[in-house]
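A look at the structure
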Amino acid sequence: MSLKGKVAIVTGGNSGIGLAIVLELARQGANIVIDYVAHPEATEELEKQVHALGDCVIGVKADVSQVAELQNLFAAAVKEFGRVDIMVNNAGVETRTSILDTTEAQYEKVMNINLKSAFFGTQLAAQQMIQQGGGGRIINITSVHEDWPMPGNTAYCLSKGGMRMLTRTAGVELAPHNILVVGVGPGAVATPINQSTMQNPELLRKLNSAIPLGRMARPEEIATLVAFLAGDGASYISSTTIFADGGIMQSSPGL
Ligand code: BGC
C-alpha cells in the first residue's frame, strides 16, 4: 500500500472519475476527504466503502468554485487529519455549447468550476503543504481537450487549456518546495459527463471508432494513473500532463 497514512482531498469526489479516484487512493492506504456539492447519500455510501478498505474518511460539502468554500474544505481536512499530502483538483463540468451561443452564465460556470477551483485549490494545497513541510502532490484532472479542440465545447476546452498552464506554471513555481504538480488528461471516460453520448448509439459508434483502442475508458483506468502519480514511484514527474486517452489524440484515418 504505497499511500499508507497519506491524506488526500478529491474534489467532485462522489461521482464519475472522482469516485474511482477516491476508491483507488483508499485502496493504496490513503485517508480521504471527499468534496461534493450534491447527492450526500452517494457520499455516505462511498464513505462506507472507504471504511471497508480500512481507511479514514470524511465527506465535506463545498462548492469549489467559491474560494471561501474551498477554504472551509481545507479547514475541515486539517481539523480531521492534521495535514494534506495529495490534492486532486477533479471537479468539472461541460456545457457542450457552441461558441456562437454559449451564454455568460454558462461560460462562468464552466470556468469557475473547472479552472478557478483548480487555481485556488492549488494555492490552498501549496500553502498547507509548505506550512507542514515535506512537499506534496497536486494532481489536476484535465482532459485531452487541454490541447485538442472539441468543436461545440469551447468553454470547456478553454478551461482545460487553462489547467494545462496552471499545471506547468505552478509546477515550476512550487518545485523548490518539493510540491509536484501534474496533470492527468483523460480521453472519453464512461461517466455521467458522457451520458448523452453513451445513450446515443450513433454518437457512441462515432466516438469509439475515433479511439485507437476502440472503446471509452473505465473510470478505474484513470484512477490507477492518479494513484501512481500520487505515490513514490512518480517522484520525478512534475509540470506536465500524462494522457490516458486510448490513443485518441493521435488518431488518424491513415489517409
Ligand atoms: C469530455 C467529453 C469528450 C471526451 C473525449 C472529455 O474531456 O468531457 O465530452 O467526449 O473528452 O473527446
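Structure's up top.
Below, the structure is looked at part by part. Source: prediction; values computed, not measured.

Concerning the site of the ligand
- Close contacts around the ligand come from Glu94, Arg96, Ser143, His145, Met150, Tyr156, Gly187, Ala188, Ile193 and Asn194, and that covers them all.
- At 2.8 Å from an oxygen atom of the ligand is found a side-chain nitrogen or oxygen belonging to glutamate 94.
- Summarising the interface, the protein chains cover 93% of the accessible area of the ligand, which totals 310 Å² for the free molecule.

Here we look at the layout of surface pockets
- Taken as a whole, the second largest pocket encloses approximately 240 Å³ of empty space.
- Every residue lining the second largest pocket is listed: Phe119, Thr122, Gln123, Ala126, Gln127, Ile130, Met165, Leu166, Thr169, Ala170, Glu173 and Leu174.
- The residue makeup of the lining of the second largest pocket, split by class, is seven nonpolar, four polar and one charged.

Observations concerning the pattern of salt bridges
- Within this structure, the stated rule accounts for eight salt bridges.
- For the salt bridge of arginine 96 with glutamate 94, the shortest nitrogen-to-oxygen distance reads 2.9 Å.
- Measuring nitrogen to oxygen at the nearest pair gives 3.2 Å for the salt bridge that ties arginine 205 to glutamate 202. Of this pair, arginine 205 and glutamate 202 both sit in helix H7 (residues 201-210), three residues apart, roughly one helical turn.
- Here arginine 205 falls in the partly exposed class, since its relative accessible area comes to 49%.
- Salt bridges here are not isolated pairs; linked through shared partners, they connect Glu146, Asp147 and Arg164.

Considerations on the packing of aromatic side chains
- Following the criterion strictly, the structure yields one aromatic pair and no others.
- Ring centres of phenylalanine 119 and phenylalanine 120 lie 4.9 Å apart, and the angle between their planes is 75 degrees; on these two criteria the pair is classed as edge-to-face.
- Using a relative accessible area of 44% as the deciding quantity, one classes phenylalanine 119 as partly exposed.
- You can call phenylalanine 120 partly exposed: its relative accessible area is 23%.

A short note on unusual backbone geometry
- Despite not being glycine, histidine 39 has its phi angle at roughly 60 degrees, a positive value.
- Considering the arrangement of structural elements, one finds histidine 39 in the loop between strand S2 (31-36) and helix H2 (40-52).
- Unusually for a residue other than glycine, serine 239 sits at a positive phi of about 65 degrees.
- Checked against the element boundaries, serine 239 lands in the loop between helix H8 (219-230) and strand S7 (240-244).

Cut-offs and rules
- Residues numbered from 1 in each chain as written.
- Predicted model: local features only at pLDDT ≥ 70, side-chain atom pairs only at ≥ 80, totals over all residues.
- Heavy atoms only, no water.
- Near = heavy atom within 4 Å.
- Polar contact = N/O pair within 3.5 Å; in protein donor to acceptor, adjacent residues only side chain to side chain.
- Areas by Shrake-Rupley, 256 points an atom, 1.4 Å probe, with all protein chains shown as cover.
- 1 Å grid on protein atoms, 1.4 Å probe; cavity = no way out; pocket = protein on both sides within 12 Å on 5 of 7 lines; lining within 4 Å.
- Points joined across faces, edges and corners; volume = space filled by probe spheres on them.
- Nonpolar A, V, L, I, M, F, W, Y, C, P; charged D, E, K, R; others polar.
- Salt bridge = Lys/Arg side-chain N within 4 Å of Asp/Glu carboxyl O.
- Helix = DSSP H or I, 4+ residues; strand = E, 2+ residues; numbered from the N terminus.
- Buried < 20%, exposed > 50% of the residue type's maximum accessible area, 1.4 Å probe, protein only.
- Phe/Tyr/Trp six-rings, centres within 6.5 Å; stacked < 30°, edge-to-face > 60°.

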